[in-house]
Amino acid sequence: MRVTLLDNINQLLLRNPDLLKAKSPLFINLPVDDFFKEYHEIQPQAVMTCYNTNYQFHLQAERLELTQMTSVFNAHYQSNAVHDLVIIQFPKSKAELTFMLAMIKESVAKECLVLVVGENKSGIKSLAKLTEQQLGDCAKIDAARHCLLFASNMLATQESFILANWLKPYSFVLKDTTIDVVALPGVFSQNGLDIGTQVLLENLPKKINGELLDFGCGAGVIASYIGKVFPEVNLHLLDVNALALYSAQATLTLNNLTGNVFPSNSLSDVKGKFNHVISNPPFHQGLKTNYQATETFLSKIKPHLKPKGQVTVVANSFLRYQPIMEEEIGRTQILAKQKGFSLYHCSI
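- The chain has the name Ribosomal RNA small subunit methyltransferase C in an unreviewed UniProt entry, where Colwellia hornerae is given as its organism.
- As stated in UniProt under Catalytic activity (unreviewed entry), the record for the chain gives "guanosine(1207) in 16S rRNA + S-adenosyl-L-methionine = N(2)-methylguanosine(1207) in 16S rRNA + S-adenosyl-L-homocysteine + H(+)".

Written out as structure tokens, the structure is:
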């Protein structure tokens, strides 16, 4: 007996097979599970494209090894294919949805069916109002397992999509150092300097040199500030999100800095060793709270530290990262405890 493992969102989609008929479907940020194999069975002629801005999900999609599916990881989806079906998971950020719809409109057929699916608490109930300039005939089709499914079509628009135009700028000054930041929709701290990062930057170790890794770099705020204050440092920035990586590279360039910006699922693609590892690690994945990536990072980072290597992490004070750092890396001290955040520092 075959056992299928399906996320609630994908179960809802498979309840509606008549809506899934397509020659060239595009799946955007859907949970990666047996849905894609099931889809291939009911639509064997379909040439599938699985587009993810999350590197972990992209790697999972590649491991499915479906000959009829291409997996794409990039901040900007571009394709010669003309998609007749688009299925998109409603994102955590509403601004990211309008961004995605604007980006794909040049890759869809005139009569393309657009399905938007998401958890009830995601904000999907406001879909029609949110996308009134982009989607037409938006209608709720089904509801099950605390999820909703909407069907719609793409409205014609003449405006061309230019990725750089979606970068939102802001600046901040800290200890006489000015940093210019740009970020795409959905990227952490897109609207301004967040409190956790501010606590970290205000209480940095007095000396930082050599190779520095910014884990979960977001828009590149931490690395850019350190790069300006400690110009001798070699910057390495990683994130799981393609939109964050594009934003981080743009932020570095804006501040006349250079760095190695790369995707990684926790430490999956980390090479080499570092003198300093600094992070304001994320603990949300979509709508869900998820500490696993950070806990894995803290438990596995030691082999990537040079002799006397240091790790500095800021986190909400209720998150118990200090015991993990003590056990896996070395003696850990609290450099600051401010505004609900704690700054932990340790070295080997």
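### Regarding the sheet that holds strand S7 (residues 147-154)
(1) Moving on: What the seven strands build is an open sheet, ordered S3-S2-S1-S4-S5-S7-S6; its pairing is mixed. On the outer flanks of this sheet lie strand S3 (69-73) and strand S6 (135-144), each paired with one strand and no other. When strand polarity is set aside, the average angle formed by the axes of neighbouring strands in this sheet is 20°.
(2) Moving on: Note that strand S5 (residues 108-119) and S7 share seven bridges and pair antiparallel. Residue glutamate 119 lies in a different strand from S7, and its bridge partner there is cysteine 147.

### Looking at the pairing of strand S10 (residues 211-215)
(1) Moving on: By the criterion of burial, S10 is predominantly enclosed, with four of the five residues buried.
(2) Moving on: Of the strand pairs in this sheet, S10 and strand S11 (residues 234-239) are connected by five bridges, and their pairing is parallel. What sits directly across from leucine 212, in S11, is leucine 235.
(3) Moving on: Remark: the S10/helix H7 (residues 221-229)/S11 crossover connection has right-handed handedness.
(4) Moving on: Sheet analysis places S10 next to strand S13 (residues 274-279), joined by four bridges and oriented parallel. The partner of leucine 213 across the bridge, within S13, is valine 277.

### What to know about the layout of surface pockets
(1) Moving on: Volume-wise, the second largest pocket comes out at about 230 Å³.
(2) Moving on: When its residues are assigned to classes, the lining of the second largest pocket shows six nonpolar, five polar and two charged.

### Regarding the packing of helix H6 (residues 195-202) against H7
(1) Moving on: Contact geometry of H6 with H7 gives a least axis separation of 11 Å together with a crossing angle of 20°. When the axes of H6 and H7 are compared, the pair comes out roughly parallel. Here H6 and H7 pass one another in a crossing that is right-handed. For the pair H6 and H7, contact is made by Thr197, Leu200 and Leu201 and by Val221, Ile222 and Tyr225, respectively.
(2) Moving on: Here the contact of H6 with H7 is composed, by residue class, of five nonpolar, one polar and no charged.

### Examining the environment of asparagine 280
(1) Moving on: With respect to the helices and strands, asparagine 280 occurs in the loop between S13 and strand S14 (284-285).
(2) Moving on: Residue class for asparagine 280 comes out buried when judged on its relative accessible area of 10%.
(3) Moving on: Expressed as a C-alpha distance, the spacing of asparagine 280 and leucine 200, which sit 80 residues apart in the sequence, is 7.9 Å.
(4) Moving on: Apart from residues no more than four positions distant in its own chain, asparagine 280 is found in contact with Phe188, Asp194, Gly196, Thr197, Leu200, Phe215, Gly216, Ile222 and Val314.
(5) Moving on: A distance of 3.0 Å separates the side chain of asparagine 280 from the side chain of aspartate 194, its partner in a polar contact.
(6) Moving on: A polar contact is formed between the side chain of asparagine 280 and the side chain of threonine 197, at a distance of 3.0 Å.

### Structural notes on the sheet that holds S13
The pairing of strands in a sheet comes from backbone hydrogen bonds and takes either a parallel or an antiparallel form.
(1) Moving on: Strand order in the open sheet made by the seven strands is S12-S11-S10-S13-S16-S18-S17, with mixed pairing throughout. The open sheet terminates on both sides in strands that have one partner only, identified here as strand S12 (260-263) and strand S17 (332-338). Shown here is a sheet whose adjacent strand axes are inclined to one another by a mean of 15°, direction ignored.
(2) Moving on: By the bridge criterion, five bridges tie S13 to strand S16 (residues 305-316) in an arrangement that is parallel. From the neighbouring strand, histidine 276 faces S16, where its bridge partner is glutamine 310.
(3) Moving on: Across the sheet, H6 is in contact with S13, S16, S17 and strand S18 (341-347); its angle to S18 comes to roughly 45°.

Reading guide: rules and limits
- Residues numbered from 1 in each chain as written.
- Predicted model: local features only at pLDDT ≥ 70, side-chain atom pairs only at ≥ 80, totals over all residues.
- Heavy atoms only, no water.
- UniProt positions renumbered as here; feature names shortened; annotations may be inferred.
- Pairing = 2+ DSSP bridges.
- Helix = DSSP H or I, 4+ residues; strand = E, 2+ residues; numbered from the N terminus.
- Axes fitted to C-alpha atoms, helices over the stretch in contact; angles between N-to-C directions.
- Buried < 20%, exposed > 50% of the residue type's maximum accessible area, 1.4 Å probe, protein only.
- Right-handed = clockwise from strand over helix to strand, strands pointing away.
- 1 Å grid on protein atoms, 1.4 Å probe; cavity = no way out; pocket = protein on both sides within 12 Å on 5 of 7 lines; lining within 4 Å.
- Points joined across faces, edges and corners; volume = space filled by probe spheres on them.
- Nonpolar A, V, L, I, M, F, W, Y, C, P; charged D, E, K, R; others polar.
- Parallel < 35°, antiparallel > 145°, perpendicular 65-115°, else oblique.
- Left-handed = near helix turned anticlockwise from the far one by under 90°.
- Contact = heavy atoms within 4.5 Å.
- Polar contact = N/O pair within 3.5 Å; in protein donor to acceptor, adjacent residues only side chain to side chain.

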